[in-house]
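Summary of the model geometry
Chain residues, written in single-letter form:
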Amino acid sequence: MDRKTITIKKTVKLVVALMTALLGGCLFKLLHIPIPWLLGPMIAVLIGSNVFKDRYAWPTPIRSAGLVIVGYTIGLSMTATALHEMAIQLPSMLLMTLLLMLLCVVLAFLVSKLSGINFKTALLGSIPGGLTQMVIMAAETEGINLTIVTVTQVIRLIMIVVCVPLLVFSPILGNHKAAETSITAITTSSASWSELLSNIIVFAAVSICCALLGNKIKFPTAFLLGPALGTAVVQFLGLQGPALPTGLIHAAQIMIGINVGLMLKPGQLSHKLQTISLAIGSSVLLLIGSFGLSLFFMKLQPISKSTALLSLAPGGMDQMGIIAHEIGANLSIVAGYQLFRTFFIFFAVPPILRMLFKYSSAKRAWRNSQS
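Sequence order sets the numbering: in each chain, residues are counted from 1 along the sequence as written. Only residues with pLDDT of at least 70 get local features here, since the model is predicted, and only at 80 or more are side-chain atom pairs given and counted; chain-wide, interface and lining totals rely on the full set of residues. Side-chain metrics in this entry use all non-hydrogen atoms of the structure; hydrogen atoms and water are not considered.

1. Overview of the overall build of the protein
Helix and strand content of the protein: 15 helices and zero strands. With a 1.4 Å probe rolled over the protein chains alone, any residue whose accessible area is under 20% of its type maximum counts as buried; one over 50% counts as exposed, and the rest are partly exposed. Of all 371 residues assigned to the protein, the portion counted as buried reaches 51%. Whether two residues are in contact is decided by their heavy atoms: any pair within 4.5 Å suffices. Counting only contacts in the protein whose residues sit at least 6 apart along the sequence, the fraction spanning at least 24 positions is 78%. Accessible surface is estimated by sampling points in the Shrake-Rupley manner with a 1.4 Å probe; for residues, cover comes only from the protein chains shown. Of the roughly 17,500 Å² that the protein leaves accessible, carbon and sulfur atoms contribute 70%. A helix here means a DSSP run of H or I that spans at least four residues, while a strand means a run of E at least two residues long, and both kinds are numbered starting from the N terminus.

Next comes the structure, spelled out in structure tokens:
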């Protein structure tokens, strides 16, 4: 098969994925489902790619471009005032992150006992917000079922992205657009295309350079965190970034939604029913636990229910940032807590887990030598 034919086939698959995503987004928009341009493409591509095998493709650079746009939007909320307040809240961030990690350990223990899956596999499948890191670590750790870890992480991510918007937009959380008293977030309302021309070139260059540099040095979630941190630094130096038009934000949601929808491949699973049921069950329990922690969080900080839940929801910072932007929640708080947990998971959790697994293996070896 020549190069031209291969290129044509890849282009056709990309177009099929995009058309499916647009149909899903339009359907969700007509049905008034929350975050339609993220959830619609994700669900439509998930179904389509599993019904029509090998008909879909979505290049990583397109997904990365969507993350850069979302990262820039998150960075807009990180003003000097917001960063100062976030620094003050570091003890609270650490406490809430540790409580969420403890909840994950308990859930992993229960899944291990109920299913017979070894504890190490269950634990790596339960840690939230670090899909890539946990999958890589699972591949490098002896005695881990990589397929179970991957599927559990992806199902958890999809469950969170689907359920959190429904919770946030439900009567349970009340008025999501209430003013926050802890941090004054920057206004991120949509701008017209003409208003972008003043400072957008500078911020676009900074965002792209930070994303590429972060990726080169293996920075965690580089295409999201790089632009967010770069934008925050430029704003700290005195240049105000323009808000993005609604159409561009929706386009970024579609780019990310297609990628998430293609990640889950149930056909590759053995014991599909048991694994998927346990993944869904543990995700529901994790979401319930996160909601409980958000109520406790509200006792510590004067924030709304929606901001508290999005800050602690065990999903990715990109998805939670999109939802926070859409509903007018305090994006700086949401981004700050999600960012802190992301760094904690990427830099603190792996060495802790390695020490735990090493201790567990040594203890098991000692017991075997005594028997």
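2. A short note on the pattern of salt bridges
Here a salt bridge means any side-chain nitrogen of Lys or Arg lying within 4 Å of a carboxyl oxygen belonging to Asp or Glu. One pass over the structure, following the stated rule, counts one salt bridge. In this structure, the salt-bridge partner of Lys-13 is Asp-54, at a minimum N-O distance of 3.0 Å. Here Lys-13, found in helix H1 (residues 3-30), pairs with Asp-54, found in the loop between helix H2 (36-51) and helix H3 (60-76); they are 41 residues apart in sequence, far enough to count as distant.

3. Description of the state of the cysteines
A pair of sulfur atoms, both from cysteines and within 2.5 Å, is called a disulfide here. Evaluated as defined, the whole model comprises zero disulfides. With no disulfide of its own, Cys-209 has Cys-210 as its nearest cysteine by sulfur position, at a separation of 7.0 Å. Of the residues examined, Cys-209 reaches a relative accessible area of 52% and is grouped as exposed.

4. Here's the deal with the packing of aromatic side chains
Each pair of aromatic rings taken from Phe, Tyr and Trp, with Trp reduced to its six-membered ring, is defined by centres within 6.5 Å and is described as stacked if the planes are under 30 degrees apart, edge-to-face if over 60, and tilted in the remaining cases. The tally for this structure, following the rule as stated, stands at two aromatic pairs. Taking 4.7 Å as the distance between ring centres and 55 degrees as the angle between the ring planes, the aromatic pair formed by Phe-297 and Tyr-337 counts as tilted. Taken together, the positions of Phe-297 in helix H12 (residues 272-300) and Tyr-337 in helix H15 (residues 331-370) put the pair 40 residues apart, joining distant regions of the chain.

5. Things to note about H3
Multiplying 1.5 Å by the helix residue count minus one yields the expected span of that helix. The terminal C-alpha atoms of H3 lie 25 Å apart, and with 17 residues this matches the ideal 24 Å at 1.5 Å per residue to within 8%. Most of H3 is tucked away: twelve of the 17 residues are buried.

6. Digging into the confidence of the model for the protein
Per-residue confidence from the prediction method is given by pLDDT, with values spanning 0 to 100. When pLDDT is averaged across the protein, the result is 80; 85% of the residues are at 70 or more. Ranking the elements of the protein by mean pLDDT puts helix H7 (residues 131-140) last, at 62, and helix H9 (residues 200-216) first, at 92. Note on residues 175-190: pLDDT under 50 across the span, and 46 contacts to partners over four residues away in sequence or across chains.

7. Quick notes on the environment of Gly-241
Structurally, Gly-241 is set in the loop between helix H10 (222-236) and helix H11 (246-263). In this structure the C-alpha to C-alpha distance between Gly-241 and Ile-200, which are 41 residues apart in sequence, comes to 6.8 Å. What Gly-241 contacts, discounting residues up to four positions off in sequence, is Tyr-72, Leu-76, Phe-203 and Gln-235.

8. Quick word on the side chain of Ser-290
By the element assignment, Ser-290 lies in helix H12. Taking relative accessible area as the criterion, Ser-290 reaches 0% and is therefore assigned buried.

9. A closer look at the environment of Leu-90
With respect to the secondary-structure elements, Leu-90 resides in helix H5 (residues 90-115). Along the primary structure Leu-90 and Phe-340 are separated by 250 residues, whereas in three dimensions their C-alpha atoms are 8.5 Å apart.

10. A few points about the packing of H3 against H11
Remark: H3 packs on H11, axes separated minimally by 8 Å, with the N-to-C direction vectors making an angle of 135 degrees. When the interaxial angle is binned, H3 and H11 end up oblique. Handedness of the crossing formed by H3 with H11: left-handed. Contacts between H3 and H11 involve Ile-62, Arg-63, Ala-65, Gly-66, Leu-67, Ile-69 and Val-70 from the first element and Leu-248, Ala-252, Met-255, Ile-256 and Asn-259 from the second. Note that Gly is not counted as nonpolar here; it falls among the polar residues with everything else outside the nonpolar set of Ala, Val, Leu, Ile, Met, Phe, Trp, Tyr, Cys and Pro and the charged set of Asp, Glu, Lys and Arg. Classifying every residue of the contact of H3 with H11 by side-chain character gives nine nonpolar, two polar and one charged. In this analysis an axis means a line fitted to C-alpha atoms, helices contributing only their contacting stretch, and an angle means the value between N-to-C directions, from 0 to 180 degrees. Orientation labels follow simple angle bins: below 35 degrees gives roughly parallel, above 145 gives roughly antiparallel, 65 to 115 gives roughly perpendicular, and whatever is left gives oblique. What makes a crossing left-handed is the near helix being turned counterclockwise from the far one by less than a right angle; a clockwise turn instead makes it right-handed.

11. Some details on a nonpolar patch on the surface
On the surface, Leu-102, Val-105, Val-106, Phe-109, Leu-110 and Leu-114 cluster together into a nonpolar patch covering about 570 Å² of accessible area. With respect to the helices and strands, the residue Val-105 is situated in helix H5. A patch consists of residues whose relative accessible area exceeds 30% and which take part in no salt bridge; residues with like charges are grouped when within 9 Å of each other, and nonpolar side chains (Val, Leu, Ile, Met, Phe, Trp, Tyr) when within 5 Å.

12. Some details on the packing of H2 against helix H8 (residues 146-168)
Orientation of H2 relative to H8, taken along the N-to-C sense of each, is 140 degrees, at an axis distance of 11 Å. Taken together, the axis directions place H2 and H8 in an arrangement best described as oblique. Of the two elements, H2 crosses H8, and the hand of that crossing is left-handed. Residues Leu-38, Leu-39, Met-42, Ile-43 and Leu-46 of H2 touch H8, and the partners they reach there are Ile-158, Val-161, Val-162 and Pro-165. Of the residues contributing to the contact of H2 with H8, the split by class is nine nonpolar, no polar and no charged.

13. So, H5
Because each turn of an α-helix spans 3.6 residues, side chains separated by three or four positions in sequence point in the same direction. The first and last C-alpha atoms of H5 sit 37 Å apart over 26 residues, in line with the 38 Å expected at 1.5 Å per residue. Those residues of H5 not exposed but buried are Ser-92, Met-93, Met-96, Thr-97, Leu-100, Met-101, Cys-104, Leu-107, Ala-108, Val-111, Ser-112 and Ser-115.

14. A short note on the environment of Val-234
Looking at the secondary structure, you find Val-234 in helix H10. Given a relative accessible area of 12%, Val-234 falls into the buried group. Sequence separation between Val-234 and Val-206 is 28 residues, and the spatial gap between their C-alpha atoms is 8.2 Å. Setting aside residues no more than four positions away along its own chain, Val-234 makes contact with Phe-203, Val-206 and Leu-239.

15. Digging into the side chain of Thr-231
Along the chain, the position of Thr-231 falls in helix H10. On the accessibility criterion, Thr-231 (1% relative accessible area) is buried. Side-chain atoms alone can form a polar contact between residues adjacent in sequence; in general such a contact is a pair of N or O atoms within 3.5 Å, and within protein one must be able to donate a hydrogen while the other accepts it. Polar side-chain contacts of Thr-231 include one of 2.7 Å to the backbone oxygen of Pro-227. Other than its neighbours up to four places away in sequence, Thr-231 contacts Tyr-72, Gly-75, Leu-76, Phe-203, Val-206 and Ser-207.

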